[in-house]
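Descriptive analysis of the structure
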Amino acid sequence: AGTLTVLAEDGRGVRTAVSAASVTTAVSGATVGQGTLPAGTRRAVALFRGVDAAGEPLVAVGALALGSR
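Quick caveat: nothing in here was measured; it's all calculated off a predicted structure.

On to the pairing of strand E3 (residues 43-51). The sheet contact formed by strand E1 (residues 2-9) and E3 spans eight bridges and is antiparallel. Note that in E3 the partner of Val6 across the bridge is Ala46. Pairing of E3 with strand E4 (residues 57-65) involves nine bridges; the strand directions are antiparallel. Bridge pairing in E4 links Phe48 to Ala60. Between E3 and E4, which follow one another and run antiparallel, lie five residues, and Gly55 among them has a positive phi close to 85 degrees.

As structure tokens, this is what we get:
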């Protein structure tokens, strides 16, 4: 359980949150959040902060380069 935040990074490296979703449970391959990226987004970043099944703190980050959108 935790919070998934999607951020958009522009050409200057400035990140802006575009969505945040509370996640209570998820299965492998399931969609748990989404957001519309603004024009000019060069990179999308997903940040999950929460706890694992044992209650231990968990932070996971993923990024996707989008080129010169």
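Still more to cover.
Each strand in a sheet pairs with another by means of backbone hydrogen bonds, the pair being arranged parallel or else antiparallel. Pairing in this open sheet of four strands is antiparallel, and the strands run E2-E1-E3-E4 from one edge to the other. The open sheet has two edge strands, strand E2 (15-23) and E4, and neither has a second partner. Ignoring strand direction, the axes of neighbouring strands in this sheet form an average angle of 15 degrees.

Thresholds applied
- Residues numbered from 1 in each chain as written.
- Predicted model: local features only at pLDDT ≥ 70, side-chain atom pairs only at ≥ 80, totals over all residues.
- Heavy atoms only, no water.
- Pairing = 2+ DSSP bridges.
- Helix = DSSP H or I, 4+ residues; strand = E, 2+ residues; numbered from the N terminus.
- Axes fitted to C-alpha atoms, helices over the stretch in contact; angles between N-to-C directions.

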